[in-house]
Amino acid sequence: MSAPKIPGKLMALGGVEYVLAPLNAAAVKLYRDQIKNVFVGGIPDIELIAKLAHASLARNYPDMSLANVEEIIDYENMFEVWESLLNLSGLVAQAGKMMRRVQEEMATAGLKT
């Protein structure tokens, strides 16, 4: 396995240390609706987390398949992987900004009526 080229978070998965890289635009675009559903009150399922982890890990480990990732993601580590990917990729910060904007627009609309 070659050394990671993209910085991220070192995480032990399946007994091996990997570097999770931030999700790229292609991955965010591909899974945007599923990610958005979680932000509006859903719960991420292990399948989505495995797909996102694969998109992340494939940036540093191009030979890693989705099947390989599904072998190292489990119910013990899935939420840690989920939170790490969202934070690394800036999605938590973006969701917070979007929420504040919506609240401001609602407050402004309420003042105008």
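Preceding this section is the structure that the text describes.
Below or above, wherever it landed, is the structure these notes cover. What you are looking at is a predicted structure, and each value in this text was computed from that prediction instead of being measured.

## Some words on the overall build of the protein chain
Then, number 1: Within the protein chain, the regular secondary structure consists of five helices and two strands.
Then, number 2: When the helices and strands of the protein chain are listed from N to C terminus, the series reads β-β-α-α-α-α-α.
Then, number 3: Within the protein chain, buried positions represent 30% of all 113 residues.
Then, number 4: Taking contacts inside the protein chain between residues at least 6 apart in sequence as the whole, the part at least 24 apart equals 63%.
Then, number 5: Working note: accessible area of the protein chain is about 7300 Å², and carbon and sulfur atoms make up 56% of it.

## Focus on the nonpolar core
Then, number 1: With 26 residues, the main nonpolar core has Leu13, Leu52, Leu57, Ile73 and Val81 as its most contacted residues.
Then, number 2: For this core, the elements supplying multiple residues, two or more each, are β1 (9–13), β2 (16–20), α1 (25–39), α2 (46–60), α3 (66–72) and α4 (78–88).
Then, number 3: Leave out the neighbours within four places in its chain, and Leu13 touches Tyr18, Leu57, Ile72, Ile73, Asn77 and Val81.

## Topic: the packing of α1 against α2
Then, number 1: Remark: α1 packs on α2, axes separated minimally by 11 Å, with the N-to-C direction vectors making an angle of 150°. In terms of orientation, α1 lies roughly antiparallel with respect to α2. Taken as a pair, α1 and α2 cross one another with a handedness that is left-handed. Along the contact surface, α1 presents Ala27, Tyr31, Gln34, Ile35 and Val38, while α2 presents Leu48, Lys51, Leu52 and Ala55.
Then, number 2: Here the residues of the contact of α1 with α2 sort into seven nonpolar, one polar and one charged.

## Describing α1
Then, number 1: Between its terminal C-alpha atoms α1 stretches only 18 Å, short of the 21 Å expected from 15 residues at 1.5 Å a residue.
Then, number 2: At Arg32, α1 is bent by approximately 70°, the largest bend along its length.
Then, number 3: All of the buried residues along α1 are Ala27, Tyr31, Ile35 and Val38.
Then, number 4: One or two positions beyond α1, positive phi appears at Gly41, with a value near 120°.

## Considerations on the pairing of β2
Strand residues, when the strand is regular, have side chains that alternate between the two faces of the sheet.
Then, number 1: Bridging between β1 and β2 involves five bridges; their strand directions are antiparallel. Bridged to Ala12 within β2 is Glu17.

Cut-offs and rules
Residues numbered from 1 in each chain as written. Predicted model: local features only at pLDDT ≥ 70, side-chain atom pairs only at ≥ 80, totals over all residues. Heavy atoms only, no water. Helix = DSSP H or I, 4+ residues; strand = E, 2+ residues; numbered from the N terminus. Buried < 20%, exposed > 50% of the residue type's maximum accessible area, 1.4 Å probe, protein only. Contact = heavy atoms within 4.5 Å. Areas by Shrake-Rupley, 256 points an atom, 1.4 Å probe, with all protein chains shown as cover. Core = buried A, V, L, I, M, F, W, Y, C linked by side-chain atoms within 4.5 Å. Axes fitted to C-alpha atoms, helices over the stretch in contact; angles between N-to-C directions. Parallel < 35°, antiparallel > 145°, perpendicular 65-115°, else oblique. Left-handed = near helix turned anticlockwise from the far one by under 90°. Nonpolar A, V, L, I, M, F, W, Y, C, P; charged D, E, K, R; others polar. Expected span 1.5 Å × (residues − 1). Bend = angle between axes of the 7 residues up to and from the residue. Pairing = 2+ DSSP bridges.

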